[in-house]
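If you want the building blocks of each chain, they are given just below.
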Amino acid sequence: MVKKTVIEYTLDECVKCLKCVRVCPTSALSIVDNRINIDGERCINCMRCVKTCHNKGLQAHGSPLSAIQDYDYTVCMVPAAISLRFPTREEVEGVFYSIKKLGFDEVVDISGIDGAMMDETFRIADEMVTTSIITAFCPVINRLIEDSYPMLLPHLAPLKYPHETAAKMIRARLSGKVKGKVGIFNLCECGALLSIAKYPFENMQYETDHAIAMTDVIPMIQRDRHEGRIPVNLCEEGLRSSNPALIPYTPECLRADGFDKVTDVLDMAEFDLLKSFNLMYLFMCFNGCAGGNLLFGNSYISRNNLDALCEDGPGTVPEVPFDYMYTEHMLLPEKEQQNVVEKLNFFKKVNETLEQLAGLDCSACGLKTCRIMAEEIVRGNRTLGDCRILSARKDKDTETGKDEA
Amino acid sequence: MAAILHEEYPVASDDYAGAGKVSSRIKELLKQMGFGPDVSRRAAIACYEAEINLIIHSDGGKVILEVSDEGVISLAFRDVGPGIPDLEKAMTPGFSTADEEARNLGFGAGMGLPNIKRVSDTFDIETSPDGTNLTLTFRGGI
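Notes on the structure follow. Residue numbers here run from 1 along each chain, matching the order of that chain's written sequence. Here every chain gets a letter starting at A, and every ligand a number starting at 1, in the order they are written. Local features in this predicted model are restricted to residues of pLDDT 70 or higher, and side-chain atom pairs are both shown and tallied only at a pLDDT of 80 or more, whereas totals for entire chains, interfaces and linings draw on every residue. The side-chain numbers reported here are obtained from all heavy atoms of the structure, hydrogens and water having been left aside.

Our next topic: empty space enclosed by the protein. All names here are of chain A. As defined here, a cavity is a set of points on a 1 Å grid over the protein atoms alone where a 1.4 Å probe fits but cannot get out. A pocket is an open set with protein on both sides within 12 Å along at least five of seven lines, and residues line them when an atom is within 4 Å of a point. Grid points are joined across faces, edges and corners, and a volume is the space filled by probe spheres set on the points. Across all of its chains, the model carries 4 cavities of 30 Å³ or more by this definition. As a volume, the largest cavity reaches approximately 380 Å³. The secondary structure listing takes helices from DSSP runs of H or I that are at least 4 residues long and strands from runs of E that are at least 2 residues long, numbered from the N terminus. Taken together, the elements giving at least two residues each to the lining of the largest cavity come down to helix H3 (80–83), helix H5 (111–127), helix H6 (139–148), helix H7 (162–174) and strand E11 (279–283). Residue composition of the lining of the largest cavity, by class: 20 nonpolar, 7 polar and 2 charged. Classification used: nonpolar for Ala, Val, Leu, Ile, Met, Phe, Trp, Tyr, Cys and Pro, charged for Asp, Glu, Lys and Arg, polar for all others including Gly.

Shown next, in the form of structure tokens:
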């Protein structure tokens, strides 16, 4: 399966400031032919490059709303993370009304499924005696573990993404009840979730048909959300599951949000230093999914909204069939098993090349680090002459040489 | 059997601030070299435990990493003393001589050497008042 990034490079007047190249944790970005190139095999959709670009040259979009026309009956799922960003239930109900007005036949709150999946995670973790579980709800963290922390793959909870479970349940409910083609859309709070749907990125293995970016529809929501309401019974557990500060406290559960904290936890887990925890509840975004990078405004206050959203009796956690929640070997590495000897030879050549480079990791060549440059040289894609520092030193030596002559 | 890589890292006694730095570096190298998850994890866990042992118990020493072109990872931990007084006891799970300072920092649970032995493919230890030599190997080749 070819991996695709959700991030598009759009800016013609990009100044090649290299900020995005340098901030990328997986070295997926480089400058090729004077343009930013994003390697889908390396990109984990963390959106750090999008956030760092001052010129809005990098963006993420979901399917266009016109995709609704391709179906006879359409459902839009709204996760708890989006609802948690609004201060009152009335406001959430207004938002649901405005989303339906985009052209959907149904708007479904999936906070109940979000809650059920969180409860199931805690249940699995409690059953584990000798090992610990890492939550598998964040697509960025799943990709990061797969690519950079494969030692931890056996620890990932064998659960699906909540919206995928919800999509399967909705499809089962509608089967035989509505005529024609059913389209299930997911309204996404973060860029990485855009890849967990059949479209727009053609990841056909998923149950969800289309992913829609919250940022793409906010203008319409803002316009219509005071025009009407659709009753919503938000589930408290679901709302809690979308913000690390609201995850129920247990001494054995470690909660971490944000890239630096999450990688710190993963680094320690690799040394087996977190054995005293049975669960690591991880979110790549600050403030969890409620701090998703496709939402706008202040994510810090999302935790304050819980009480108001749950007053008048919150919704209950629904029963979810086991086979709707579980997934097998979702994340086993697909990479070809290359011979260790071959890999070691490559490593040796890269190290020898690296010694010839300047070693400043300046990114001026368009690649993030000298190691990446050395790898590219060994692969035959670049030459030592592409190193700006080496070239500058050479020019200087030639000049000095001339002077002496 | 030629060495692809040979590196030595000094470890100072009581250097709690630097604890884990050598192990992190070695773990990173093993990933770059393309070793599989299982062998990398075992080597990383052993390396961390042994590095902490040098900091807590020894008068200082070094870690030597060697990787052969056949994919054998060798980790050697050499210190300059004071030696392990009772090796048999030290190999017993739960036995610890770590002081209050170390225990307060979450170290010294008495699982160090038993854990290291459990995860490594070969385990050799020699100790005298002049120093301890711990040599571990991990087989990562196919």
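Here the narrative resumes, following the displayed structure.
Attention now goes to the packing of aromatic side chains. Residues and elements named next belong to chain A. Ring pairs are drawn from Phe, Tyr and Trp, using the six-membered ring of Trp, whenever the two centres fall within 6.5 Å, and their geometry is named by plane angle: stacked under 30 degrees, edge-to-face over 60, tilted for the rest. Inspection of every chain in the model, using the stated rule, returns 7 aromatic pairs over all chains. Centroid distance tyrosine 71 to phenylalanine 185: 5.8 Å. Interplanar angle 80°. Geometry classified as edge-to-face. Taken as a pair, tyrosine 71 in the loop between strand E4 (58–60) and strand E5 (73–78) and phenylalanine 185 in strand E8 (residues 182–188) lie far apart in primary sequence, 114 residues in all. On the accessibility criterion, tyrosine 71 (12% relative accessible area) is buried. Taking 5.6 Å as the distance between ring centres and 40° as the angle between the ring planes, the aromatic pair formed by phenylalanine 322 and tyrosine 326 counts as tilted. Among the aromatic residues, those joined into a ring-pair cluster are Phe122, Phe137, Tyr281 and Phe283. Consider the ring centre and the ring normal. A charge sits over the ring if Lys NZ or Arg CZ is within 6 Å of that centre and within 35 degrees of that normal. Its end group placed over the ring of phenylalanine 259, arginine 48 keeps NZ or CZ at 4.2 Å from the ring centre. Residue exposure (1.4 Å probe, protein chains only): buried if accessible area is under 20% of the type maximum, exposed if over 50%, otherwise partly exposed.

What follows concerns the nonpolar core. By nonpolar core we mean a set of buried residues, namely Ala, Val, Leu, Ile, Met, Phe, Trp, Tyr and Cys, connected to one another through side-chain atoms within 4.5 Å. Counting 90 residues, the largest nonpolar core has Leu29, Ile36, Leu58 and Ile99 of chain A as its most contacted members. In terms of residue count, the dominant contributor to this core is helix H10 (residues 259–270) of chain A (5 residues). Ignoring anything within four residues of it in the chain, the contact list for leucine 58 of chain A reads Ile7, Glu8, Tyr9, Cys20, Leu29, Ile36, Ile38, Cys49, Val50 and Cys53 of chain A. Ranked by size, the runner-up nonpolar core spans 43 residues in total, among them Leu5, Leu30, Leu54 and Val67 of chain B. Residues count as neighbours in contact if any of their non-hydrogen atoms are within 4.5 Å of one another.

Right, let's talk about the sheet that holds strand E10 (residues 253–257) of chain A for a bit. Residue and element names in this part refer to chain A. Following DSSP output, two strands are said to pair if at least two bridges run between them. Read across the sheet, 3 strands follow the order E7-E11-E10 without closing on themselves; strand pairing throughout is parallel. Either end of the sheet is taken by a strand with one partner, and the two such strands are strand E7 (133–134) and E10. In the sheet, E10 pairs with E11 via 5 bridges, with the strands oriented parallel. For cysteine 253, the partnering residue across the bridge sits in E11 and is leucine 279.

So, on to the state of the cysteines. All names here are of chain A. Criterion for a disulfide: a pair of cysteine sulfur atoms at a distance within 2.5 Å. Under the definition given, this model contains 0 disulfides over all chains. Cysteine 14 takes part in no disulfide bond, and the closest cysteine sulfur, belonging to cysteine 20, lies 6.4 Å away. Just so you know, cysteine 190 is unpaired, no disulfide at all, and the nearest cysteine sulfur is the one on cysteine 285, 5.6 Å from it. Exposure remark for cysteine 190: the relative accessible area of 11% places this residue in the buried category.

With that settled, the discussion passes to the interface of chain B and chain A. Often, the extent of an interface is quoted as the loss of accessible area on bringing the components together. The interface is formed by 26 residues belonging to chain B together with 24 residues belonging to chain A. Values labelled buried area give the accessible surface lost by two parts on being combined, using a 1.4 Å probe and summing over both. Summing both sides of the interface, chain B and chain A together bury roughly 2100 Å²; the carbon and sulfur share of this comes to 65%. If you sort the residues of chain B by the area they bury against chain A, Ile4, Lys27 and Arg41 of chain B come out on top, with a joint share of 29%. Any Lys or Arg side-chain nitrogen located within 4 Å of an Asp or Glu carboxyl oxygen qualifies as a salt bridge. Taken together, the links from chain B to chain A amount to 4 salt bridges. Among the ionic pairs, aspartate 272 of chain A bridges to arginine 41 of chain B, the shortest N-O distance being 3.4 Å. Polar contacts, as used here, are pairs of N or O atoms within 3.5 Å; protein pairs need one atom able to donate a hydrogen and one able to accept it. Residues neighboring in sequence count only if both atoms are side-chain atoms. Joining chain B to chain A, the criterion identifies 10 residue pairs in polar contact (both at pLDDT 80 or more). Of all the secondary-structure elements, those providing two or more residues to the side of chain B that touches chain A are strand E1 (3–11), helix H1 (21–33), helix H2 (37–57) and strand E2 (61–68) of chain B. The dominant element in the side of chain B that touches chain A, judged by the number of residues it contributes, is H1 of chain B, at 7 residues. Classifying every residue of the side of chain B that touches chain A gives 11 nonpolar, 10 polar and 5 charged.

Residue and element names in this part refer to chain A. Read from one edge of the open sheet, 4 strands run E6-E5-E8-E9, paired in parallel fashion. The open sheet terminates on both sides in strands that have one partner only, identified here as strand E6 (106–109) and strand E9 (210–213). Strand-to-strand twist across the sheet, computed as the mean angle between neighbouring axes with direction ignored, equals 30°. Where E5 meets E6, 4 bridges bridge the pair, whose relative direction is parallel. Considered in E6, the bridge of valine 75 is made with glutamate 106. Helix-sheet contacts for helix H4 (residues 89–100) involve E5, E6 and E8, and the interaxial angle to E6 is about 145°. Between N-to-C directions, angles cover 0 to 180 degrees, with each direction set by a line fitted to C-alpha atoms, over the stretch in contact for helices. Here helix H8 (residues 214–224) sits on the sheet and contacts E8 and E9; the angle it forms with E9, its principal contact strand, is near 60°.

Position of leucine 152 of chain A relative to the elements: it lies in the loop between H6 and H7. For the pair leucine 152 of chain A and alanine 256 of chain A, spaced 104 residues apart in sequence, the C-alpha separation works out to 16 Å. Aside from chain neighbours lying at most four places away, what touches leucine 152 of chain A is Ile134, Ile145, Leu266, Ala269 and Glu270 of chain A together with Arg41 of chain B.

Moving on to the side chain of serine 40 of chain B. With respect to the secondary-structure elements, serine 40 of chain B resides in helix H2. When its relative accessible area of 2% is taken as the criterion, serine 40 of chain B is described as buried. Residues in contact with serine 40 of chain B, not counting those within four places in the same chain, are Met151 of chain A together with Leu30 and Phe35 of chain B.

What follows deals with H8 of chain A. Residues and elements named next belong to chain A. All buried positions along H8 are accounted for by Met214, Val217, Ile218, Ile221 and Asp224. Relative to the axis of H8, the buried residues are bounded by an arc of 145° and lie together on one face. Buried residues along H8 sit in contact with H3, H4, E8 and E9. This arc is taken over the directions from the axis of the helix to the C-beta atoms.

So, about the packing of helix H13 (residues 340–356) of chain A against helix H14 (residues 370–379) of chain A. Residues and elements named next belong to chain A. The N-to-C vectors of H13 and H14 enclose an angle of 115°; their axes lie 8 Å apart at closest approach. As for how H13 packs across H14, the hand of that crossing is right-handed. Of the residues in H14, those in contact with Phe346, Phe347, Lys349, Val350, Asn351, Thr353 and Leu354 of H13 are Cys370, Arg371, Ala374, Glu375, Ile377, Val378 and Arg379. Across the contact of H13 with H14, the residue classes tally to 8 nonpolar, 2 polar and 4 charged. Here a crossing is taken to be left-handed if its near helix is turned anticlockwise relative to the far helix by less than a right angle, and right-handed if that turn runs clockwise.

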